[in-house]
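Next come the chains, spelled out residue by residue.
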Amino acid sequence: MDREASWRIIEEQRLAIADMLSGLSPEQWRTPSLCTGWSVREVAAHVALTPTPPAFPLMLSTGIRARGNYNRFIDIITRRYAADPDFDPVAALRTHAASRDLPKLTNYRNILFDTMVHAQDMAIPLGHTITVSPEAAGAAADRAVEVGWPVWDRHRLDGVRLRATDSTWEHGDGVEIHGPTLALLLVITGRPAGFAHTTGPGVEILATRLETASRATETATAPKGKGEESGDAGTCEV
């Protein structure tokens, strides 16, 4: 999928997310998402911030407080905006749906899978559906399998072959996992919910790896010492 097609998908996903979130009750906003430690509102804030990242001074001070931990950095920024009653993720998503502005050190391919996966992070727990074509999910998966540090362990997929059942997409060698392309994308990005739609001898192996990685990330991002945010630190990677 080329750059133009990718940006069209990103815009469509942002608008679909905004439509889904419009009119949610306070209880629904607090629904736990597929991102461990994040509510639907926190995921929505994260996606809405992508086209309009915080100013550099806030980014710098947050980086210092996060002690260089990427996932904790994202968690602090996200919680800050999600807790602001004046921040409206729905309005932000609609206003900037077509924006091609990016945070520094990222690219449109990262934003493609980030937006697509986070849409599912909210939709699935809310019982909604946000449609993703196998082609778009495959393009997102192509990038997601390449990502390593500081987001996650590049070797998490070693010895596993992922093969889509609704497209020609596949990746890797070893014990197989079969399923729809979108389900495989969720698995690649550490969402156990994707396993509900996959089969194969590799499922148990990768599920164990993801569980181990999740526990390690939760430990690494947990608040320590005085002056840190209270509550549970999110462990959502991406």
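In this text, all values refer to a predicted model and were calculated from it rather than measured experimentally. Numbers given to residues run from 1 along each chain, matching the order in which its sequence is written. A pLDDT threshold of at least 70 governs which residues receive local features in this predicted model, and a stricter bar of 80 or more applies before side-chain atom pairs are shown or counted, although totals over entire chains, interfaces and linings include all residues. Side-chain descriptors were evaluated using all non-hydrogen atoms of the structure, hydrogens and water having been removed beforehand.

Quick notes on the pattern of salt bridges
And step 1. Within this document, salt bridges are pairs made up of a side-chain nitrogen of Lys or Arg and a carboxyl oxygen of Asp or Glu, the two lying within 4 Å of each other. With the rule as written, the count across this model stands at 10 salt bridges.
And step 2. Taking the shortest distance from any N to any O, the salt bridge between Arg79 and Glu42 comes out at 3.5 Å. Placement of the pair is Arg79 in helix H5 (residues 70-82) and Glu42 in helix H3 (residues 40-49), with a sequence separation of 37 residues. Assigned by exposure class, Arg79 and Glu42 land together as buried.
And step 3. Linking Arg161 and Glu170 is a salt bridge whose minimum nitrogen-to-oxygen distance equals 2.6 Å.
And step 4. Residue burial is assigned from relative accessible area. The probe radius is 1.4 Å, only protein chains are included, and a residue is buried under 20% of its type maximum, exposed over 50%, and partly exposed in between. According to the relative accessible area criterion, Arg161 is buried, its value standing at 18%.
And step 5. Exposure remark for Glu170: the relative accessible area of 43% places this residue in the partly exposed category. Secondary structure is summarised from DSSP: a helix means a run of H or I of at least four residues, a strand means a run of E of at least two, and numbering begins at the N terminus for each.

Points about the side chain of Thr78
And step 1. Looking at where Thr78 falls in the secondary structure, it is placed in helix H5.
And step 2. For Thr78, a relative accessible area of 1% gives the class buried.
And step 3. Note on contacts: a residue pair qualifies if any of its non-hydrogen atoms lie within 4.5 Å across the two residues. Setting aside its immediate chain neighbours within four residues, Thr78 contacts Trp38, Glu42, Ala45 and His46.

Focus: the UniProt feature "domain: Mycothiol-dependent maleylpyruvate isomerase metal-binding" (unreviewed entry) in the protein chain
And step 1. UniProt positions are given in the numbering used here, feature names are shortened, and annotations may be inferred rather than shown by experiment. The positions UniProt marks with the feature "domain: Mycothiol-dependent maleylpyruvate isomerase metal-binding" (unreviewed entry) are residues 14-100.
And step 2. A distance of 12 Å separates the end C-alpha atoms of residues 14-100, which is 60% helix and 0% strand.

Description of the domain arrangement of the protein chain
And step 1. Taken domain by domain, the protein chain consists of domain 1 (3-131) and domain 2 (136-220).
And step 2. Domain boundaries shown here were taken from an automatic or database domain assignment. Put simply, the middle of domain 1 and the middle of domain 2, counted by C-alpha atoms, are 21 Å apart.
And step 3. Across the boundary between the two partners, domain 1 contributes 18 residues, which contact 21 residues of domain 2.
And step 4. Accessible surface is computed with a 1.4 Å probe, and the buried area is the amount of it that two parts give up when combined, taken over both parts together. Between domain 1 and domain 2 lies a buried interface of about 1,500 Å² when both sides are counted; carbon and sulfur atoms form 68% of it.
And step 5. By the criterion of area lost to domain 2, the three top residues of domain 1 are Arg109, Phe113 and Val117, representing 34% of everything that side buries.
And step 6. In this assembly, domain 1 and domain 2 are joined by 2 salt bridges.

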